[in-house]
Amino acid sequence: MTAHATHSDHAEGVGDVAAYMQRLGQQAREAATRMRRVDTAAKNAALLAMAERLGEARAEVLAANARDLARGRDSGLDDALLDRLALDDARLDAMIEGLGQVAALPDPVGEIDGLHSRPSGIQVGQMRVPLGVIGIIYESRPNVTMEAASLCLKSGNACILRGGSEARESNAAIAACIRAGLERAGLPEGAVQVVATTDRAAVGKLISMPEFVDVIIPRGGKSLIERITREASVPVIKHLDGVCHVYLDATADPEKALAIAVNAKTQRYGTCNTMETLLVDAPLAESLLPRLAAAYGELGVELRGCERTRAVLETVAVATEDDWAAEYLAPVLAIRVVDGIDAAMAHIERYSSRHTDAIVTENYTLARRFLAEVDSSSVMVNASTRFADGFEYGLGAEIGISTDRLHARGPVGLEGLTTRKYVVLGDGQVRQ
């Protein structure tokens, strides 16, 4: 059976969307219960079987993706979206390698932390356990289907994955590989389910089934995440914007400052950890801004500045109030000259999206203040904001970034897909 036929068969069997989603929820809950007793070896076997099957089905997956791309071009998808949608041999190889990497990661499930004895003689600790059933809603990139499945599986969860309609055939072909891997390893098929319908009502149902779904993770544009956050009756792990800042303190090493400020903006433009506003301490403005402008100019970055910035860089466009809150995701940068760390942190407090903010300084005291007082999910000293990433943090992989304060914050890896419960070890003790 081809990937195309697999998708058609599943889509035709959906029928009533609410009833279909209810079935997926029930199957996921049953699978989550079974996954609690699955050991690490079985989970790793399933991941490696998925990788093997993806290699075997390479031609089918690429053919399905070609149909999605052709449909996307016909419907007028822009080049950036088509690039995110596209799969080729290199991207498939990366997906296969990623499955092996997740299999090699330590399994967090079952770890017991902080075990200590109490005067009664009992021992009390906390055990790391799966969240349960995770719903993931995402757009464009079909490789997310495999990434999300692998992380949820390794962390002992069941998941329901709902990709974008533009990638429906690619996702169906990848889903077939996932099912084959689960079957080969003897794990429940309901552990990973890919929603077969592109009906938007499926999303509404998925985010309103707290009896079956424990958490929702949206990955996509701001409008998608705002809708999920507004309408969900299930807890959501998410971030809306990546308005990230770098503050260059007066004591900063000029070469470090230049390298970090350029990298944070230009290493990649379309990511949530890319710097969007550069804050420059006033004593540095005269000497460093021209060097920064030259470096950005060579790379085609448009600069927009405050009045004090424009006093040094006369050709820079005027930055408006909207620029300070903008997530450009493009070669555009807002620059503001400030008077010291308090002014910089006040700007960040007002305009930051709480994603990632950095200071470049040689002053240890100011570095400590910045770390303590800036309220973002990642706060950095003398490093590019582009490091705010699960792989760079040593998590191996990530399901996304959270700017929330509860449960998970920053890059969400395997541990972020688990929670803790208290465990008590006794030897017949009774409370007096």
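Rules and cut-offs
Residues numbered from 1 in each chain as written. Predicted model: local features only at pLDDT ≥ 70, side-chain atom pairs only at ≥ 80, totals over all residues. Heavy atoms only, no water. Helix = DSSP H or I, 4+ residues; strand = E, 2+ residues; numbered from the N terminus. Rg over C-alpha atoms; globule rule 2.2 N^0.38 Å. Buried < 20%, exposed > 50% of the residue type's maximum accessible area, 1.4 Å probe, protein only. pLDDT = per-residue confidence, 0-100. Contact = heavy atoms within 4.5 Å. Phe/Tyr/Trp six-rings, centres within 6.5 Å; stacked < 30°, edge-to-face > 60°. Lys NZ or Arg CZ within 6 Å of the ring centre and 35° of its normal. Expected span 1.5 Å × (residues − 1). Arc of directions from axis to C-beta. Pairing = 2+ DSSP bridges. Axes fitted to C-alpha atoms, helices over the stretch in contact; angles between N-to-C directions.

### Some remarks on the overall build of the chain
Thought 1: Of regular secondary structure, the chain possesses 16 helices and 16 strands.
Thought 2: The C-alpha atoms of the chain give 24 Å as radius of gyration, which agrees with the globular expectation for 432 residues (22 Å, within 12%).
Thought 3: Each principal axis of the C-alpha atoms in the chain carries an extent, and together these give about 75 × 65 × 35 Å.
Thought 4: Every one of the 432 residues in the chain was classed for burial, and the buried ones make up 51%.

### Observations regarding the confidence of the model for the chain
Thought 1: Mean pLDDT for the chain: 93, with 97% of residues reaching 70 or above.
Thought 2: Here residues 1-12 is a poorly scored stretch, pLDDT under 50, and it has 18 contacts once near neighbours within four places are set aside; other chains count.

### A short note on the packing of aromatic side chains
Thought 1: Counted according to the given criterion, the structure contains zero aromatic pairs.
Thought 2: Over the ring of tryptophan 324 we find arginine 336; its NZ or CZ atom is 4.6 Å from the centre of that ring.

### Focus on helix 4 (residues 58-74)
Thought 1: For helix 4, with 17 residues, the first-to-last C-alpha span of 24 Å sits near the 24 Å given by 1.5 Å per residue.
Thought 2: Among the residues of helix 4, Val61, Ala64, Asn65, Asp68, Leu69 and Gly72 are the ones counted as buried. Down the axis of helix 4, the buried side of the element spans an arc of 145°, and every buried residue falls inside it. Residues of helix 4 that are exposed and point over 90 degrees away from its buried face: Ala59, Arg73 and Asp74.
Thought 3: Glycine 76, located one to two residues past helix 4, shows a positive phi value of around 90°.

### Some thoughts on the sheet that holds strand 13 (residues 378-381)
Thought 1: In spatial order, the strands read 10-9-11-8-7-12-13; together these seven strands make up an open sheet with parallel pairing. The sheet terminates laterally at strand 10 (317-318) and strand 13, the two strands that pair on one side only.
Thought 2: Pairing analysis gives five bridges linking strand 7 (residues 244-248) to strand 8 (residues 275-281), with the strands arranged parallel. Of the residues in strand 8, the one forming a bridge with tyrosine 247 is leucine 279.
Thought 3: Along the sheet, helix 12 (residues 282-298) contacts strand 7, strand 8, strand 9 (302-305) and strand 11 (332-338); its crossing angle with strand 8, the most-contacted strand, is approximately 145°.

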